[in-house]
Structure formats: structure tokens, C-alpha cells
Amino acid sequence: MFNSNTSEQLKEKLVAHIQDVYVMEQEFGKMLDSFDKPITEFKRFPEFRARVLGCLDECKEHTTHMRELIEFYKASVPTGRKFTSPFFGNFITFFSTLKPVTFTDYATTLYTFSQFEIAQYSILTTLALACGDKETTRIAEEHLRTEIETQRWLFERLPEVCLYSLEYEGVNVPQNSWESARQLELVGSAATFPTFSANVPQTTIR
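1. Overview of the overall build of the protein
The secondary structure content of the protein amounts to six helices and zero strands. In sequence order, the protein lays out its α and β elements as α-α-α-α-α-α. Counting across all 206 residues of the protein, residues that qualify as buried make up 46%. Taking the intrachain contacts of the protein between residues at least 6 apart in sequence as the baseline, contacts between residues at least 24 apart amount to 80%. Accessible surface computed for the protein: about 10,900 Å², of which carbon and sulfur atoms make up 55%.

Take a look at the structure:
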């Protein structure tokens, strides 16, 4: 899988990051699962719950992919909340202490965690490219693309989420606020995604 010029130190960095991303996805899945029941209370925005359930399915798929890569490298599959990086552990612990209450709280939590996942898959893509590992690069960039699309979806709908949240709390929302919210939702509607795996030299081996 590695380029013949890849150092052992770089290989170790790549495998360690895959292990951490694996645990990250498991923890994110637990968080999403715990959000399902409370989110059903926000009945006026059913697309949001549908998106959360979609994210949970994607999370399970991503977890499987990371486990397969770990097993391919004959590395140990982490159990529990065990990270090779203390930073990962600190970040996940912080998120596990959050107790969302409002609709906005839930959306903001998902948006923020999605940003963390984008960062980690960007790093994983970079490490895989540096190792000349075409297959891991392909998987990492596919996951990166999914996370960017999820975050974009959330970003575009945060203005409406805010107004729905206010209504659920019994706050009177002026009618013209909805039009303003929809205008704000146009801000994050355009972006392109580069593809890196096609540029990895064909000298890589599986």
C-alpha cells in the first residue's frame, strides 16, 4: 500500500491517525444516536432529523472503512475511548460533556463536530498522500467530501434552525425574519471539491 520510499516513521503516523479517526467515528455515532429521540420533538423541521439519521448511517460506514484499514496494516483495533493522540481524547471528552437543550444547541453541536471531522479527514488525506498510499487517500477524500457536504447542509439551514428554535421556546418571531433567514442560507451554497487520489503515483502497492 505504501510507496517504496515511505519512511517507517511516516507509516506509523498514518496508521496512528487512522486508529484515532476510527475511535472518533465510534464516539460520534454514540452522540448522534443519543440525539435522535430529543430531535424528534422538533416536529416542524423533519428534514433535520432525517439528516441526523443519514449522518449516523455514514458514521457507521466510515467506522467500518477505518477498521478495515487498521486490520489491513495489521495494527491493533482500539477498544473504548483510547486515542494515540491526547488532543483527540480531550476533544472527544469535551463533546461528551455537552448537554444540548434547544434546537439551535443540537444543530450547533453537530456543525462543530462536523468541522472537527473535516479537519481530521483532511489530515488523513494529507498523510496518505505523503505515504503514496492511493487506497487510503481515496477513502479519506471520500469521507472528507461527505463531511464537507454535511457541514454545508447544516450551515445553510442554521438561520432557519435559529428561528424554529425561538418558536419552540415560545418567542414571537416576526414574519419577515423567515425571508431574511432564507437569504442567509444562500451564503454557503457554492463550493468545489478537489480530488487527490487520482494524482497519487501508480507505483503504490496494495
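2. Digging into the pattern of salt bridges
Scanning the entire structure with this criterion turns up eight salt bridges. We note a salt bridge from arginine 49 to aspartate 36, for which the minimum N-O separation is 2.8 Å. Placement of the pair is arginine 49 in helix H2 (residues 46-72) and aspartate 36 in helix H1 (residues 8-39), with a sequence separation of 13 residues. Glutamate 156 serves as the salt-bridge partner of arginine 157, at 3.4 Å between the closest nitrogen and oxygen. Judged by its relative accessible area of 16%, glutamate 156 is buried.

3. Examining the packing of aromatic side chains
Centre distance and the angle of the planes are the two values used to describe a pair of aromatic rings. Overall, the coordinates contain 24 aromatic pairs when judged by the stated rule. On the basis of an interplanar angle of 90 degrees and a centroid distance of 5.0 Å, the ring pair of phenylalanine 95 and phenylalanine 113 is categorised as edge-to-face. Remark: phenylalanine 113 occurs in helix H4 (residues 103-131) and phenylalanine 95 occurs in helix H3 (residues 86-96); sequence separation between them is 18 residues. For the pair formed by phenylalanine 95 and phenylalanine 113, the shared burial category is buried.

4. So, the side chain of serine 165
Along the chain, serine 165 falls in helix H5 (residues 134-168). Here threonine 104 takes part through its side chain, which lies 3.2 Å from a polar atom of the side chain of serine 165. Dropping the residues within four chain positions of it, serine 165 is found in contact with Thr102, Phe103 and Thr104.

5. Considerations on the environment of cysteine 131
By the secondary structure assignment, cysteine 131 is in helix H4. For cysteine 131, a relative accessible area of 0% puts it in the buried group. Sequence separation between cysteine 131 and lysine 13 is 118 residues; the distance between their C-alpha atoms is 9.8 Å.

6. Notes on the environment of tyrosine 168
By the secondary structure assignment, tyrosine 168 is in helix H5. Tyrosine 168 sits 127 residues away from glutamate 41 along the chain, and the two C-alpha atoms are 9.5 Å apart. Every residue in contact with tyrosine 168, bar those within four places of it in the chain, is listed here: Glu41, Phe42, Lys43, Arg44, Phe45 and Phe103. From its side chain, tyrosine 168 meets the backbone oxygen of phenylalanine 42 in a polar contact 3.3 Å long.

7. Notes on the packing of H1 against H3
The geometry of H1 relative to H3 is characterised by a closest axis approach of 11 Å and an angle of 5 degrees between their N-to-C directions. It follows that H1 is roughly parallel to H3 by the angle criterion. Here His17, Asp20, Val21, Met24, Glu27 and Met31 of H1 come into contact with H3, specifically with Phe88, Ile92 and Phe95. Looking at side-chain class alone, the contact of H1 with H3 contains six nonpolar, one polar and two charged residues.

8. Side note on the environment of cysteine 55
Residue placement: cysteine 55 occurs in helix H2. Of the residues examined, cysteine 55 reaches a relative accessible area of 12% and is grouped as buried. Separated by 23 residues in the primary sequence, cysteine 55 and leucine 32 have C-alpha atoms spaced 7.8 Å apart. Filtering out sequence-adjacent residues up to four positions away, cysteine 55 remains in contact with Leu32 and Thr150.

The rules behind each value
Residues numbered from 1 in each chain as written. Predicted model: local features only at pLDDT ≥ 70, side-chain atom pairs only at ≥ 80, totals over all residues. Heavy atoms only, no water. Helix = DSSP H or I, 4+ residues; strand = E, 2+ residues; numbered from the N terminus. Buried < 20%, exposed > 50% of the residue type's maximum accessible area, 1.4 Å probe, protein only. Contact = heavy atoms within 4.5 Å. Areas by Shrake-Rupley, 256 points an atom, 1.4 Å probe, with all protein chains shown as cover. Salt bridge = Lys/Arg side-chain N within 4 Å of Asp/Glu carboxyl O. Phe/Tyr/Trp six-rings, centres within 6.5 Å; stacked < 30°, edge-to-face > 60°. Polar contact = N/O pair within 3.5 Å; in protein donor to acceptor, adjacent residues only side chain to side chain. Axes fitted to C-alpha atoms, helices over the stretch in contact; angles between N-to-C directions. Parallel < 35°, antiparallel > 145°, perpendicular 65-115°, else oblique. Nonpolar A, V, L, I, M, F, W, Y, C, P; charged D, E, K, R; others polar.

The values reported here are purely geometric and, on their own, carry no functional implication.
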